[in-house]
Amino acid sequence: MIEAAIYALVLLLSLFLAAQAVFTLVLMLHTWERPERLEESDSPHIYVPPKLSFTAILPARHEEGVIGETIRKVWETDYPKRLLEVVVVCERSDLGTIAEAEQAAREIGHSNVRVVTFGGGPINKPHGLNVALRETKNEVVTIFDAEDDVHPELFYVINTIMRKKGASIVQAGVQLMNYGSSWYSIHNVLEYFFWFKSRLHFHARVGMIPLGGNTVFIKRRLIEDVGGWDEGCLTEDADIGIRLSVLGERIVVTYDAGHATREETPHSVGGLIKQRTRWCQGFFQILRKGDWRKLPTRGQRLLAFYTLTYPFFQALVGALWLPAVAMMLYLKVPIGVAIVSLLPLYAVGFQFLVSLAGLFDFARAYKFRLKGRDFTRLALGFLPYQFLLSISALRAVLREYRGATNWEKTAHSGVHRASAEKKIFYPAYPGASRLPANEKTLFPGVRPADVVFRIGLDTLFREAVDRLNVERGSVMVFDPQRNAFSIKASRGLPEQIVRLAKVGVGGGVAGWVAQNKRPVVIEGQQAPRELRDRLTQPDLRSSIVLPIERDGETAAVISLSSKEKTLGDEDLRWCNERAEELLNREPNVLLT
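These numbers come from a predicted model, not from an experiment.

### Regarding unusual backbone geometry
Looking along the chain, the bond that leaves Gly121 and enters Pro122 is cis, with omega of -5°. Backbone geometry at Lys367 places phi at a positive 60°, although glycine is not the residue there. Note on placement: Lys367 falls in the loop between α13 (343-366) and α14 (372-402). Taking the relative accessible area as the measure of exposure, Lys367 reaches 51% and is therefore exposed. Backbone geometry at Asn469 places phi at a positive 55°, although glycine is not the residue there. You can see Asn469 is positioned in the loop between α15 (448-468) and β10 (472-479).

### As for the packing of helix α7 (residues 185-206) against α13
The contact between α7 and α13 brings their axes to 10 Å, and the two run at 85°. One finds that α7 runs roughly perpendicular with respect to α13. Taken together, the residues of α13 that come into contact with α7 (itself represented by Ile186, Val189, Leu190, Phe193, Phe194 and Lys197) are Val354, Ser355, Gly358, Leu359, Asp361 and Phe362. Its residues placed into classes, the contact of α7 with α13 shows eight nonpolar, two polar and two charged.

### Some words on the environment of Cys233
Structurally, Cys233 is set in the loop between α8 (220-225) and α9 (236-246). According to the relative accessible area criterion, Cys233 is buried, its value standing at 2%. Each C-alpha atom, one on Cys233 and one on Ile286, is 7.6 Å from the other, the two residues being 53 residues apart in sequence. Apart from the residues lying within four places of it in its own chain, the contact partners of Cys233 are Pro126, Asp239, Gly282, Gln285, Ile286 and Trp407.

### Concerning the sheet that holds strand β12 (residues 502-504)
Across the sheet, six strands lie side by side as β12-β11-β10-β15-β14-β13; this open sheet has antiparallel pairing. Single-partner strands in this sheet number two, and they are β12 and β13 (520-523). Each neighbouring strand pair of the sheet contributes to a mean axis angle of 25°, computed without reference to strand direction. On top of the sheet, helix α17 (residues 508-516) reaches β10, β11 (484-491), β12, β13, β14 (542-550) and β15 (553-562); it is set at about 40° to β14, its chief contact. Most of the contacts of helix α18 (residues 569-583) go to β14, to which it runs at about 25°, and overall it touches β13, β14 and β15.

### Looking at empty space enclosed by the protein
Under the definition given, this model contains two cavities of 30 Å³ or more. Counted as a void, the largest cavity has a volume near 50 Å³. Counting only elements with at least two residues in the lining of the largest cavity, the list comes to β7 (216-219) and α9. With three residues, α9 is the single largest residue contributor to the lining of the largest cavity. Partitioned by chemical class, the residues of the lining of the largest cavity number seven nonpolar, two polar and two charged. If you add up the space inside the second largest cavity, you get close to 40 Å³.

### Focus: a nonpolar patch on the surface
Taken together, the side chains of Leu15, Leu342, Leu343, Leu345, Tyr346, Phe350 and Leu353 present a nonpolar region at the surface, about 670 Å² in accessible area. Inspection of the secondary structure puts Phe350 in helix α13.

### Focus: the environment of Glu249
Within the secondary structure layout, Glu249 lies in the loop between α9 and β8 (251-253). A relative accessible area of 25% places Glu249 in the partly exposed class. Sequence spacing of Glu249 and Leu222 is 27 residues, and the spatial spacing of their C-alpha atoms is 8.9 Å. If we skip the residues at most four places from it in the chain, Glu249 touches Ser168, Ile169, Arg221, Leu222 and Leu244.

### Observations regarding the pairing of strand β4 (residues 140-143)
What you see with β4 is no split at all: Val140 and Thr142 on one side and Val141 and Ile143 on the other are buried throughout. Two strands pair when backbone bridges link them, and strand β1 (residues 54-59) and β4 are joined in this way by four bridges, in the parallel orientation. Residue Phe54 lies in a different strand from β4, and its bridge partner there is Val140.

### A look at the pairing of β7
Put simply, side chains in a regular strand alternate between the two faces of the sheet. Burial along β7 is two-sided: the residues Val216 and Ile218 and Phe217 and Lys219 are all buried. As judged from the three bridges shared by β4 and β7, these two strands associate in the antiparallel manner. Bridging from a neighbouring strand, Val140 pairs with Lys219 of β7. Bridge analysis of strand β5 (residues 169-171) against β7 gives three bridges, and the strand direction is antiparallel. Note that in β7 the partner of Val170 across the bridge is Phe217.

Conventions and cut-offs
Residues numbered from 1 in each chain as written. Predicted model: local features only at pLDDT ≥ 70, side-chain atom pairs only at ≥ 80, totals over all residues. Heavy atoms only, no water. Helix = DSSP H or I, 4+ residues; strand = E, 2+ residues; numbered from the N terminus. Buried < 20%, exposed > 50% of the residue type's maximum accessible area, 1.4 Å probe, protein only. Axes fitted to C-alpha atoms, helices over the stretch in contact; angles between N-to-C directions. Parallel < 35°, antiparallel > 145°, perpendicular 65-115°, else oblique. Contact = heavy atoms within 4.5 Å. Nonpolar A, V, L, I, M, F, W, Y, C, P; charged D, E, K, R; others polar. Pairing = 2+ DSSP bridges. 1 Å grid on protein atoms, 1.4 Å probe; cavity = no way out; pocket = protein on both sides within 12 Å on 5 of 7 lines; lining within 4 Å. Points joined across faces, edges and corners; volume = space filled by probe spheres on them. Patch = residues over 30% accessible without salt bridge, like charges linked within 9 Å, V, L, I, M, F, W, Y side chains within 5 Å. Areas by Shrake-Rupley, 256 points an atom, 1.4 Å probe, with all protein chains shown as cover. Salt bridge = Lys/Arg side-chain N within 4 Å of Asp/Glu carboxyl O.

Shown next as structure tokens:
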């Protein structure tokens, strides 16, 4: 009788664990299941004119090491400054962070960038968000964490999505980047990759979505309708997402590697466990509050219940590790029971294979070159990482039982940020400057005319940079598959911007020049009327932006900028004449 009960328990647990693992696979692969879902998740390639006004709130505590650069990155995004305000919110005793934030605001020198403080408890993120909400005014509210790297075109992306799709809430992509920092970082990075690229799209289709803590854009009236953020909740982001889902508001999710907000993984195993403990405990709080029960459909309520109780499942798995190993070693069961008991292991094996495929896709999307060490860490760290998540969930259960609700903060140092490079990158033309006179196979499968064009463009940029003695410049080449321009050569730009920057036709100054096929000379912040709202680099003294046409269409845009030198019409005339010499010639000129 006892043996039968044990066998039945083994069967039930095995089937439950296997079913859960299979559903996890479904969530991981949701976006890849259909090609149109991948297309839907991408950013728009052509932007509509800026109309929506944005409030960017940066809650910060003990973030003096990273907050200054984040403020500058958000403010320097390519969006009209009259439609953007950046507010850092700190608890008033955090003097170090306040000093760094105020210093950055002074350097920017615009009334739309400021620091607000609050006193009293609780000292946490949702309290700061509610304070900042009352101190700001713009139509759409977004949140960035203190260490976030924000893409220059992000506000154009959201402005376009909200206006074209009629959405009042948009969750944009967030991605951890430092996958090589530690043995667990690669797993943490892939979690974010699958969560934002796939799983959140599933939640959005169902209509129940626990929003992320940053890079989420919400119309102000909706935040006010639900009473702001819950200051007693450890996951105020997921909580407000469920309350907004109860209102029936459509939530659009977008994930594009080129526009994802970049972050860093926790610095240590202890930091990771504390972060996950807070998330798990926050889900317990939302479950207990019961707002999810007000969701209109059964499917939404079931998904909410599954999502919010998942930490309990993780804690259960953690508690079962030792008994499971003991049963495998000492318990003899019938063959059928043994086969069924292995189903969860098979499912976990498939999860590992999907993670491996995801690693390749992540590396391709972000243009990283994987090494043998990365695959070793993925393979050897896969199960230990799951164990860490189980420990975090068990710790959350214990904290919830004891009534401990203090905020355990995650430290940041900006290790995901790449330093600026003072050199030229030629990722699209390897070896172009060393092309032998009769070499025709350097670019296999490319027409000779295309080779000449690429080499000519490369030569034009290098000559222009040297002749005009500029500190900053780039060549953006049109990609017909993505209907956007990306950087193929640069000087004075951060390497990650070179890798990831993408400009849609009509977006920013370069996109406008490409669309209108019209070169411009910019002196300081003085530019043609159509471009004045697009100027985002007040430190530049002058710039030239030149469209390069081919077969009647803009094929590339060259930008040249200086902080010290005034560039004028004579410099633009030289660029045009040299472009004519180098680019409008027969294919055999450079190859014979």
